[in-house]
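Spelled out, the chains give:
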Amino acid sequence: MLGKQPLDWDIAVNMDPHQVLRVFPGACTVGIEYGRVSVGDVDVVSLRAEKDYHDKRHPSQVMFGVPLEKDLERRDFTINAMAINLSDCLIHFESINNNNNKVDNYPFWGQLFDPLKGRDDLRAGILRVTGEKVFQRDPLRLLRAVRQSATLGLLIEKSTWALIKQQAGLISQSSPERVRDELFKILALNDAHYWMTQLDELGLLDQVLPELMTLKGVQQNEHHSLDVWGHCL
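Which parts of the structure should I look at to understand the sheet that holds strand β1 (residues 9-13)?
Sheets are built from strands paired through backbone hydrogen bonds, the pairs being either parallel or antiparallel. An order of β1-β3-β2 is seen for the three strands of this open sheet, with the pairing classed as mixed. Two strands bound the open sheet, and with one partner strand each, they are β1 and β2 (36-39). Between one strand axis and the next, the sheet turns through 30° on average, direction left out of account.

In structure tokens:
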């Protein structure tokens, strides 16, 4: 839709993962308990619903055999909750990449399954959660919201922004390693200064880099027009 080549593919199937293994006996089974096996570079995921995220990342209960729309409801943002049916069409990357009006002229809209209106949000340039429990299922999504907003040039939708501010404290329940990885990706952005201020406004920076918050209002000598906070940013 954005005229970019996907970095990876997820193929959703209405089979449980052990049925998939009978078709691809050599598949990698890391993550099979959550409905995923890997066939080469492609993740084959079983349509599923999930409950009780005991570690704020992995569900303690997985139910296979659900309808596609139920599976998409557990995704983070509406733009990531779309699917296309590839059973009777070929993908022509050249036609996609040469398409100037990408969102409207993508060649497979007839195959698109989009119950949460992700296409409309992408066209409008906004990032919207799929539901109010998105961050409770995986608090790292709080940081991902900022990163995806930055990398895709999307505005965080008003109610989604409010939900992030309300639930910012959940990020402390994510592992430090995962938080670090997301922070590194944000710091690597060309306009990292701006996105750090967005993290601050959302209440996330106080959770993940509290030492920076103590720099606010700390003045420097007459050679500096900014306080230590602004200087560090």
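I tried to follow the packing of aromatic side chains on my own but got confused; where do I start?
Two numbers describe a pair of aromatic rings. These are the distance of the centres and the angle of the planes. By the definition in use, this model includes one aromatic pair. With centroids separated by 4.9 Å and ring planes inclined at 80°, the aromatic side chains of Tyr194 and Trp195 adopt a geometry described as edge-to-face. The ring of Trp229 carries the charged tip of Lys216 above its face, separated from the ring centre by 4.9 Å.

What am I meant to see in helix α10 (residues 192-201) here?
In an α-helix, one full turn covers 3.6 residues, which means residues spaced three or four apart are oriented alike. With seven of its ten residues buried, α10 lies for the most part within the structure. Among all positions of α10, only Ala192, Trp195, Met196, Thr197, Gln198, Leu199 and Asp200 are buried. Against the buried residues of α10 lie α7 (141-152), α8 (158-166), α9 (176-187), α11 (205-208), α12 (210-213) and α13 (228-232). Phi for Gly203, located one or two positions after α10, is positive at around 85°.

What am I meant to see in the packing of α7 against α9 here?
The description of two helices packed together rests on the angle between their axes and the distance between the axes. Packing of α7 against α9 brings their axes to within 10 Å, and their N-to-C directions diverge by 15°. If you check the angle between α7 and α9, you find them roughly parallel. Where α7 crosses over α9, the handedness of that crossing is left-handed. On α9, the residues that touch Leu143, Arg144, Val146 and Arg147 of α7 are Arg178, Val179, Glu182, Lys185 and Ile186. Class assignment for the residues of the contact of α7 with α9 results in four nonpolar, no polar and five charged.

Looking at this structure, how should I read the side chain of Gln167?
With respect to the secondary-structure elements, Gln167 resides in the loop between α8 and α9. With a relative accessible area of 10%, Gln167 lands in the buried category. Filtering out sequence-adjacent residues up to four positions away, Gln167 remains in contact with Glu132, Phe135, Gln136 and Leu142.

Quick question: what am I supposed to make of the pattern of salt bridges here?
Side-chain pairing between opposite charges can occur once the charged atoms of the two side chains come close. Applying the stated criterion across every chain yields a total of 13 salt bridges. Across the pair Arg144 and Asp138 runs a salt bridge, and its minimum N-O distance is 3.8 Å. A relative accessible area of 23% means that Arg144 is categorised as partly exposed. Owing to a relative accessible area of 8%, Asp138 belongs among the buried residues under this scheme. Here Arg144 makes a salt bridge to Glu182, at a shortest N to O gap of 3.7 Å. You can see Arg144 sitting in helix α7 and its partner Glu182 sitting in helix α9, a full 38 residues away along the chain.

What is the right way to read the pairing of strand β3 (residues 42-46) from this model?
In summary, the side chains of a regular strand alternate between the two faces of the sheet. Where β1 and β3 come together, five bridges link them in parallel fashion. Directly across from Trp9, in β3, lies its bridge partner Val42. Here β2 pairs with β3 via four bridges, running antiparallel. Bridging across to β3, Val39 finds its partner in Val42.

Any chance you could explain a nonpolar patch on the surface here in plain terms?
On the surface, Trp9, Ile11 and Leu86 cluster together into a nonpolar patch covering about 220 Å² of accessible area. In this fold, Leu86 is placed in the loop between β6 (83-84) and α3 (93-97). Under the relative-accessibility criterion, Leu86 is labelled partly exposed at 32%.

Even after reading the chapter, I still don't get the side chain of Arg147, so can you show me in this structure?
Of note, Arg147 is situated in helix α7. Here Arg147 is in contact with Glu182, Lys185 and Ile186, once residues within four sequence places are set aside.

Quick question: what am I supposed to make of the packing of α9 against α10 here?
Close contact between α9 and α10 brings their axes to 8 Å; oriented N to C, the two are set at 135°. By the criterion of interaxial angle, the relationship of α9 to α10 is oblique. On α10, the residues that touch Leu183, Ile186 and Leu187 of α9 are Ala192, Trp195, Met196 and Leu199. For the contact of α9 with α10, a count of residues per class yields seven nonpolar, no polar and no charged.

Reading the values: rules and limits
Residues numbered from 1 in each chain as written. Predicted model: local features only at pLDDT ≥ 70, side-chain atom pairs only at ≥ 80, totals over all residues. Heavy atoms only, no water. Pairing = 2+ DSSP bridges. Helix = DSSP H or I, 4+ residues; strand = E, 2+ residues; numbered from the N terminus. Axes fitted to C-alpha atoms, helices over the stretch in contact; angles between N-to-C directions. Phe/Tyr/Trp six-rings, centres within 6.5 Å; stacked < 30°, edge-to-face > 60°. Lys NZ or Arg CZ within 6 Å of the ring centre and 35° of its normal. Buried < 20%, exposed > 50% of the residue type's maximum accessible area, 1.4 Å probe, protein only. Contact = heavy atoms within 4.5 Å. Parallel < 35°, antiparallel > 145°, perpendicular 65-115°, else oblique. Left-handed = near helix turned anticlockwise from the far one by under 90°. Nonpolar A, V, L, I, M, F, W, Y, C, P; charged D, E, K, R; others polar. Salt bridge = Lys/Arg side-chain N within 4 Å of Asp/Glu carboxyl O. Patch = residues over 30% accessible without salt bridge, like charges linked within 9 Å, V, L, I, M, F, W, Y side chains within 5 Å. Areas by Shrake-Rupley, 256 points an atom, 1.4 Å probe, with all protein chains shown as cover.

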